[in-house]
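Each chain, letter by letter, is given below.
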Amino acid sequence: MKVFPYALVGVGLIVALATAQSPAPARPDTAAELALLRERVDALERLNRQQALTITQTTRYLEAQSKAAVAMQEALARSEKEGFTFGINPRSREILLAGWRESLASAQKELPSAPATSGSGPATTTANR
């Protein structure tokens, strides 16, 4: 009878340990997971196309602004050649032209170019100035 309490404690420990173990993690449904991942990839591809379009449009806008700055510089040069700086205060006009030219030159510096896209849409590429 002295063995009975030890056996009872041993059986109790075995039962306690067996129930304390966490069950094996459930295996995820691979078909559902694959469908979810495909949805995410599709969403990311749509976002990528939208961003590529925005980059292309922004680059075209910036290129147009740079060309307009060049045209304005040419107009300033023609105006100066025709005698714009002669008048009541020619020095103030020279300062105005110099500041304007500096502003237009800065509009043409480090013009970003659209990254080359592979396949899905047209993109313009320009060299940085």
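Residues numbered from 1 in each chain as written. Predicted model: local features only at pLDDT ≥ 70, side-chain atom pairs only at ≥ 80, totals over all residues. Heavy atoms only, no water.

A. Representation of the overall build of the protein in the model. Summing up its helical and strand segments, the protein has three helices and zero strands in all. Shown N-terminal to C-terminal, the secondary structure of the protein runs as helices and strands in the order α-α-α. Considering the protein as a whole, with its 129 residues, one finds that 9% of them fall into the buried category. A sequence separation of at least 24 residues applies to 59% of the contacts in the protein between residues at least 6 apart. Entry remark: accessible area of the protein is about 10600 Å², with carbon and sulfur atoms responsible for 62%. (Helix = DSSP H or I, 4+ residues; strand = E, 2+ residues; numbered from the N terminus. Buried < 20%, exposed > 50% of the residue type's maximum accessible area, 1.4 Å probe, protein only. Contact = heavy atoms within 4.5 Å. Areas by Shrake-Rupley, 256 points an atom, 1.4 Å probe, with all protein chains shown as cover.)

B. Summary view of the pattern of salt bridges. For the structure on display, the rule yields two salt bridges. The salt bridge partner of E80 is R101, with a shortest N-O separation of 2.8 Å. Taken together, the residues span a long stretch of sequence, with E80 in helix α2 (residues 30-81) and R101 in helix α3 (residues 90-106) at a distance of 21 residues. (Salt bridge = Lys/Arg side-chain N within 4 Å of Asp/Glu carboxyl O.)

C. Seen up close, the confidence of the model for the protein. Summarising the model, the protein shows a mean pLDDT of 78, and 75% of its residues fall at 70 or more. Within the protein, the lowest mean pLDDT, 70, falls on helix α1 (residues 3-20), and the highest, 90, falls on α2. (pLDDT = per-residue confidence, 0-100.)

D. Up close: the packing of α2 against α3. Remark: α2 packs on α3, axes separated minimally by 9 Å, with the N-to-C direction vectors making an angle of 160 degrees. Considered as vectors, α2 and α3 are oriented roughly antiparallel to each other. Read as a crossing pair, α2 and α3 show a hand that is left-handed. Where α2 abuts α3, its residues A69, M72, Q73, L76, A77 and E80 lie against L97, W100, R101, L104 and A105. Across the contact of α2 with α3, the residue classes tally to eight nonpolar, one polar and two charged. (Axes fitted to C-alpha atoms, helices over the stretch in contact; angles between N-to-C directions. Parallel < 35°, antiparallel > 145°, perpendicular 65-115°, else oblique. Left-handed = near helix turned anticlockwise from the far one by under 90°. Nonpolar A, V, L, I, M, F, W, Y, C, P; charged D, E, K, R; others polar.)

E. Main features of the environment of M72. Within the secondary structure layout, M72 lies in helix α2. For M72 and R101, which are 29 residues apart along the polypeptide, the C-alpha to C-alpha distance reads 8.5 Å. For M72, the contacting residues outside a window of four places in its chain are W100 and L104.

F. Spotlight on a nonpolar patch on the surface. Residues M72, F84, L96 and W100 make up a contiguous nonpolar surface patch of roughly 340 Å² in combined accessible area. Its location among the elements puts F84 in the loop between α2 and α3. Relative accessible area serves as the criterion here: at 31%, F84 is assigned to the partly exposed category. (Patch = residues over 30% accessible without salt bridge, like charges linked within 9 Å, V, L, I, M, F, W, Y side chains within 5 Å.)

G. Quick peek at α2. Taking 1.5 Å per residue as the helical rise, α2 with its 52 residues ought to reach 76 Å, and the 76 Å between its terminal C-alpha atoms agrees with that figure. Within the span of α2, buried status applies to T56, T59, E63, S66, A69 and L76. Those residues of α2 hidden inside the fold are in contact with α3. At the exit of α2 stands G83, carrying a positive phi of roughly 110 degrees. (Expected span 1.5 Å × (residues − 1).)

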